[in-house]
Amino acid sequence: MNPTKSFGALFLLFITLSISAPQAIARAPLSYSSPSQISVRMYWLTASGARREPYTLCASGHTQWGCTAFCNEPGYPCEGSQTLAYPYTTNPVNIQIETDYLLDVVPKEVSVEAFHPTAIQAQAIAARSYAYWHINQGSTINNSAQFQVFVPHAFEALPPTTFPDNPSNPCTNSNLNADQHIVCNAVAPRYYIAYGTYSNDDLPAFTEYFADIRNRTVSGGQPYLIAVDDPISSHPDIGNDGHGHGLSQKGASRWARGDLSYNLNWDFGAWSGRWERAEQILVHYYTGIHIRDGSGTRLTPLYRWNPLRITWNTPDNRPPIMYHGGSYPMAIQVQNTSPYDWPINGQFWALSYHWAKAGFGETASDNRVWTTVDVPKGDPPYTFSLTINDIPNWGPGAYTLKFDMLLFTYGGTYWFSTTYGWPTYNVSICVDGPCKVFIPIVLNTTMAH
Amino acid sequence: MKRLLSIAGGVLGLLALGALAVILAFTFGGLRADVKPASQAFQSPIETPTQPPYPPPATPIPPGPPAMPTVAPTPIPRCTFAARSAPAEPATPLETYHFSDPQVVLTHTGAVGIASWLPDSQHLFITQDIPNTNRNSIDIFNVRTGELITYAERVGNGGKPIWLPALRAIAYVTLVEEEHHEQRISYRPELWVSYGNSQQVERLALDALGLSLVAEPDGKHLWYFSRSDLNRLQQLNVETRTIQPAPLDLTSLRYLKPGLEWAMRDRSPTFRMVWQPDGSQIALYSQFWTFLLDTQTNQVCEFDLGEYISEAMDIPPWALETQWSPNGRYLAFITTGTLSVPFRRTELTILDMETGERRTLSPGLDIAPGRHYVTDMAWAPDSRYLAVLGTVRITETGSEKEGIFIVDVDQGEFHQILSNYDFGGGLWGSQLAWDPSGSQLAVNCPTPEEGRLCIILVRPKGAQEEQP
């Protein structure tokens, strides 16, 4: 043994340990704990949601907009019938995120009467995550549009004005109006959006959102805020509204409705796809994220996909009536909403489907269309062209075509639905018609946990 | 059979029209006994509806809130205008004016609000928030001498106080605590008058919404809605102090609009009103309706403030703020298509009341894609130009800052002036006023730390500038 070398090795080991020890501490697994409270500085706001100059903090008795939704000021649609003062005794105010903050934030961000409830749920999850992110950053949060517009009593002001019996936990009351129910249901699951690498992959994400954009979102300053195609947002009347990073509020409602209009009260024509779960909307707009519940448990699988556009090659782009023995070419534009790319090196990715009919069970198709290039997460989407030519002969009636992605490796074949728990995309097909009743294009998509 | 039905429908239609005429006559008859002659410019006779009339309601409309009817739309006629454009009155070209750099004439530890100029163009009617309270003082500020006279103190910011020249007094709405239960404090708005200092004050009415408070052009009457009845105007004679409910009942005007039931269903927005300067017309506006009322004939008609693009807006454009031009030819509106605050954008809409020509302008810059705001406006006395505040940027600390834009309403063009300066950022609608002589603009120029009032001198180029 060379003592010089040994000494040198020991010295190197010492230096290495000296450098790496603090890093090791920093890298120690962190378990993120969702906060229950948020501290908010409350200011008088302008009608655009900005802090009013000179900056003026709300105090007991104040009736300015920003301090209360039941304000009494010119130029605002304050509630004409009543004026209620700022309801807190302190400023900044420490309030419960679930039973106070989010209930007043969500109605200020989206119109509860116009947006689909699933989109409002996605909005609530994004708003919660955005708050968590800022709390985790140590930001000095205020009630203005610099963060998220938070105006006390906004929940109570949802028309018709209704004051819950128990203000400390409004959603437990029985006297809520319909819009308040929708907000409560949106907030109730307590999910948040996480992004990171193990072991910090449960940290909240900076979930920016905005009002609307045509065709494609805009990349932001985070790896999960990359620009993605948003083909459902294609109506010519759409005007870009907001920064374009992350979730498009109106886009979310269009996907939840499966309609070219975001507004529940308008129908601009059905889109070829519809997403029924808030998770599907969120993984579309936020690339590679995970949804976690209040205890930090991951709810979304590692392998996921979203159909962006389906082409049926029919005049109205509805699924054709199919006849067994027939052949029906179609195409699906698919977004890889997983946290990982789909490479073609050593792994094989395909779109396929199952046929199902009540009383006849379910059968997997042998038709599989494989990717021919790497499909990166988020963007761009990949279009699978396939021909449906294996219609079972189960008699005339409504069948369900269940589209699914599958992964083939040397270890086996894994369907995204049954292996990982991501929903299939189900389409009702009239086979050997005519069918007796109109069946909606999309059936339930269920997350198999 | 079809023909019989058609005839029966026609008869029913005629009956319905007759009923409507009776309702309108009853509703608006005697609104004002002492109205001035109608302006010749007003060309909005009730048109005979071309669409099949609606049947009359089966039961009388109940008075008072809830105001939203559940019946089919009432056929309020559309306003009509002259077919061809009348030539604009000659005006001095904008480029011949010089706008001085803004001079800070008042600083205050709280926010300053501009209510109006007094007729002498020397005194400015302002409010000043009293720090750490919900109170503000109502002051007359001499922009030349800096003298400040406090007329009253009030609670809350319920609308602009109003100068009553005949009494040399001010009318204003203040909040009075109504209920204080734990952290829930509710208020009642009361109408008061002050004769020159905070000791000489008198309560005029127990229930008056400040947002709706206006004075008739002759200054003898105040008009407002009360909280207890959002559908019936109250008329207060400032000399006798008598209050009379006007026969005008807005219930019949609050009709449900097809395609907007979802937004209107549970809302009863407050109406606001502005008098045409010669007193011949009133513009009545709220979130879903904009009406023009002829004060002599009591005819009412409705007009739109822009095209409804449902995918880009929540609801059709509606007016946050409305001002008549001094000559009564134009109505200027700050409009939005957003259903509730915070607004996504606001625009300037100008309606030529002679021709019906409508322009929608967006003076200012997008502070984010699609986000621009017009926050304040003030007519020049020549009725040709309009000064507006439009957002130009958002500061790093999240304040919105505005620039001053001069709009040529005849040409539909606008130009920013004094672009090196920031203005606004405070309470919308209380930040800008053009004096009656046209020679001074009062504008808010606050910082995050303090309220500031600035004066900009407007002079023909070459004229000697005075100090404010």
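What you are looking at is a predicted structure, and each value in this text was computed from that prediction instead of being measured.

**Considerations on the sheet that holds strand E16 (residues 281–285) of chain B**
Residue and element names in this part refer to chain B. As summarised here, the arrangement of the 4 strands in space is E15-E16-E17-E18, forming an open sheet in which the pairing is antiparallel. The open sheet has two edge strands, strand E15 (272–275) and strand E18 (300–302), and neither has a second partner. Pairwise comparison of adjacent strand axes, ignoring direction, gives a mean angle of 25° for this sheet. Summarising the sheet, E16 and strand E17 (residues 290–294) pair through 5 bridges and their orientation is antiparallel.

**Considering the sheet that holds strand E5 (residues 135–142) of chain B**
Residues and elements named next belong to chain B. On the basis of which strands lie adjacent, the open sheet formed by 4 strands has the order E3-E4-E5-E6 and antiparallel pairing. At either margin of the open sheet sits one strand with a lone partner, and together these are strand E3 (112–117) and strand E6 (148–155). The average angle at which neighbouring strand axes cross in this sheet is 25°, direction not considered. Note: strand E4 (residues 123–129) against E5, 7 bridges, orientation antiparallel. Across the sheet, the residue bridging to Thr-127 is Ile-138, located in E5.

**Comments concerning the pairing of E6 of chain B**
Residues and elements named next belong to chain B. Here 7 bridges tie E5 to E6, and the two strands are oriented antiparallel to one another. Within E6, the residue paired with Ile-138 across the bridge is Ala-152. Joining the antiparallel neighbours E5 and E6 is a turn of 5 residues, in which Gly-146 adopts a positive phi near 80°.

**Describing the interface of chain B and chain A**
Counting from both sides, the interface comprises 62 residues of chain B and, opposite them, 56 residues of chain A. Those elements giving two or more residues to the side of chain B that touches chain A turn out to be strand E9 (184–194), helix H2 (261–264) and strand E19 (318–324) of chain B. No other element matches E9 of chain B, which puts 5 residues into the side of chain B that touches chain A. Counted by class, the side of chain B that touches chain A contains 26 nonpolar, 23 polar and 13 charged residues. As judged from the 2 bridges shared by strand E2 (residues 83–84) of chain A and E9 of chain B, these two strands associate in the antiparallel manner. Looking at E9 of chain B, one finds that Thr-83 of chain A is bridged to Tyr-187 of chain B.

**Describing the nonpolar core**
Counting residues in hydrophobic clusters, the biggest one holds 198 residues, and the most contacted among them are Val-106, Ile-193 and Leu-282 of chain A together with Ala-387 of chain B. For this core, the domains that each give at least three residues are domain 1 (89–109 + 254–468) and domain 2 (146–252) of chain B. The contacts of Ala-387 of chain B, once residues within four sequence positions are left out, are Met-377, Ala-378, Ala-380, Ile-404, Ile-406, Leu-432, Trp-434 and Leu-441 of chain B. Among the nonpolar cores identified, the runner-up in size contains 29 residues, and Leu-351, Ile-388, Phe-416 and Val-431 of chain A belong to it.

**Observations concerning the packing of helix H3 (residues 117–137) of chain A against helix H5 (residues 249–257) of chain A**
Residue and element names in this part refer to chain A. The N-to-C vectors of H3 and H5 enclose an angle of 140°; their axes lie 7 Å apart at closest approach. On the basis of the axis angle, H3 is oblique to H5. Handedness of the crossing formed by H3 with H5: right-handed. Contacts between H3 and H5 involve Thr-118, Ala-119, Ala-122 and Gln-123 on the former and, on the latter, Gln-249, Ala-252, Ser-253 and Ala-256. The class makeup of the residues in the contact of H3 with H5 is 4 nonpolar, 4 polar and no charged.

**Some remarks on the confidence of the model for chain B**
Residues and elements named next belong to chain B. Overall, the prediction assigns chain B a mean pLDDT of 84, with 81% of residues at 70 or greater. The model gives residues 1–72 a pLDDT under 50, and that stretch makes 97 contacts with residues more than four places away or in other chains. Here the predicted complex scores 0.87 on pTM and 0.87 on ipTM.

**Some thoughts on the domain arrangement of chain B**
All names here are of chain B. Its domain assignment divides chain B into domain 1 (89–109 + 254–468) and domain 2 (146–252). Once you take the C-alpha centre of each, domain 1 and domain 2 turn out to be 24 Å apart. The element that contributes the greatest number of residues to the side of domain 1 that touches domain 2 is E15, accounting for 4 residues.

**Some remarks on helix H6 (residues 278–285) of chain A**
With respect to burial, H6 of chain A is a largely interior element, 8 of its 8 residues being buried. Inspection of H6 of chain A places Ala-278, Glu-279, Gln-280, Ile-281, Leu-282, Val-283, His-284 and Tyr-285 of chain A among the buried residues, and these make up the whole buried set.

**Quick word on the packing of H3 of chain A against H6 of chain A**
Residue and element names in this part refer to chain A. Look at H3 against H6: their axes get within 8 Å of each other, and the N-to-C directions meet at 55°. It follows that H3 is oblique to H6 by the angle criterion. Our pair here, H3 against H6, has a crossing hand that is right-handed. Listed contacts from H6 to Thr-118, Ala-119, Gln-121, Ala-122 and Ile-125 of H3 are Ala-278, Ile-281 and Leu-282.

Parameters and conventions
- Residues numbered from 1 in each chain as written.
- Chains lettered and ligands numbered in written order.
- Predicted model: local features only at pLDDT ≥ 70, side-chain atom pairs only at ≥ 80, totals over all residues.
- Pairing = 2+ DSSP bridges.
- Helix = DSSP H or I, 4+ residues; strand = E, 2+ residues; numbered from the N terminus.
- Axes fitted to C-alpha atoms, helices over the stretch in contact; angles between N-to-C directions.
- Contact = placed C-beta atoms within 7 Å.
- Nonpolar A, V, L, I, M, F, W, Y, C, P; charged D, E, K, R; others polar.
- Core = buried A, V, L, I, M, F, W, Y, C linked by C-beta atoms within 7 Å.
- Buried ≥ 20, exposed ≤ 12 C-beta atoms within 10 Å, placed from the backbone.
- Domains from an automatic or database assignment.
- Parallel < 35°, antiparallel > 145°, perpendicular 65-115°, else oblique.
- Left-handed = near helix turned anticlockwise from the far one by under 90°.
- pLDDT = per-residue confidence, 0-100.

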